[in-house]
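# Examination of the molecular architecture
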Amino acid sequence: MTADDSPAYKRVLLKISGESFCHNGESGISMPEVTSIAEQIRDVMTSGVELAIVCGGGNILRGKDFAEVSDTIIPSTAHYMGMLATVINALALQDALETAGVPTRVQSAIRMEGVAEPFIRRRCIRHLEKGRVVILAAGTGSPFVTTDTAAALRAREIDASVVLKATKVDGIYSEDPVRNPHAIRYTEISYREVLDQNLQVMDAQAFHHCMEHRLPIVVFNYKRVGNIGRVISGDTIGTRVSANGSSDAQ
Ligand code: UDP
């Protein structure tokens, strides 16, 4: 994307899962992986798009999974640990972006003055208007939900026009493409069709929030270099879920 390309969306909320912060099948943080995402984002920012990012934490800890394997940990504690994991990722992404020359702010839903600003809606929007990438950490600040829900809620709050869900697959398929190589990928699909076909897009709470407020979701493969820019410039990649998707397939 070049400075002459105007973005298809003025303000976007990009959801990056924790698994994007590490090598396939591993856990923890791999800075080369984070840097490659940061470089894609750097290339996008010349378009003038306003970009807020919600980080997941699953590369470090998911509350539900952790609580299930321990008799000692209290479930809400495990979820708070998961939220703190998202802050670790946010700080890694912040340094990778700043190293790439992109101004950033981290805002956390759990107050931690030493490392991040608190999430304040109006301040977040002001940063976006000034061209800073705002990395939203600690999810919603409340246990028992996931960062998908945080992404949907924050997108509404900051008036983003789309939720971009960065994944390692090319979009939403009729079936699991690993199990069935003949599965078809949708380019456009409606919220209703996703529900009727029981397709997996985001966690259910997040999906219903987007549907209720007609907030489009684009599921796309961020591993193909340049795809973050392509999706923001409006190229037809991945799968776009909206109120009037037409269930066309590839
Ligand atoms: N979490 C939470 N409240 C939130 C967001 C996240 O309790 O608002 C916890 C939850 O335990 C979750 C973990 O943080 O499993 C990490 O987030 P998530 O699983 O969404 O990360 P991802 O799968 O996107 O890497």
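Relevant structure appears above.
Now for a look at the structure at hand.

Calculation rules
Residues numbered from 1 in each chain as written. Predicted model: local features only at pLDDT ≥ 70, side-chain atom pairs only at ≥ 80, totals over all residues. Heavy atoms only, no water. Helix = DSSP H or I, 4+ residues; strand = E, 2+ residues; numbered from the N terminus. Expected span 1.5 Å × (residues − 1). Axes fitted to C-alpha atoms, helices over the stretch in contact; angles between N-to-C directions. Parallel < 35°, antiparallel > 145°, perpendicular 65-115°, else oblique. Left-handed = near helix turned anticlockwise from the far one by under 90°. Contact = heavy atoms within 4.5 Å. Nonpolar A, V, L, I, M, F, W, Y, C, P; charged D, E, K, R; others polar. Buried < 20%, exposed > 50% of the residue type's maximum accessible area, 1.4 Å probe, protein only.

Glancing now at helix α3 (residues 75-99). The terminal C-alpha atoms of α3 lie 37 Å apart, and with 25 residues this matches the ideal 36 Å at 1.5 Å per residue to within 8%. Immediately beyond the C-terminal end of α3, within one or two residues, lies Gly101, with a positive phi of roughly 90°.

Another aspect to go through is the packing of helix α1 (residues 31-45) against α3. Closest axis-to-axis distance for the α1/α3 pair is 8 Å, and the angle between their directions is 55°. Accordingly, the angle class assigned to the pair α1 and α3 is oblique. Crossing hand, α1 versus α3: right-handed. Residues Met31, Val34, Thr35, Ala38 and Ile41 of α1 lie in contact with α3, whose contacting residues are Ala92, Leu93, Ala96 and Leu97. Residue classes in the contact of α1 with α3 are distributed as eight nonpolar, one polar and no charged.

Moving on, we get to unusual backbone geometry. Within the chain, Phe144 stands out as a residue other than glycine whose phi angle is a positive 80°. Positionally, Phe144 belongs in the loop between β5 (133-137) and α5 (147-157). Judged by relative accessible area, Phe144 falls into the exposed class, the value being 54%. A positive phi angle, close to 50°, is found at Arg214, a residue other than glycine. By secondary structure assignment, the location of Arg214 is in the loop between α7 (204-212) and β8 (217-221). Look at Arg214 and you get exposed, because its relative accessible area is 63%.

Bear in mind that shape data such as this cannot, by itself, settle questions of function.
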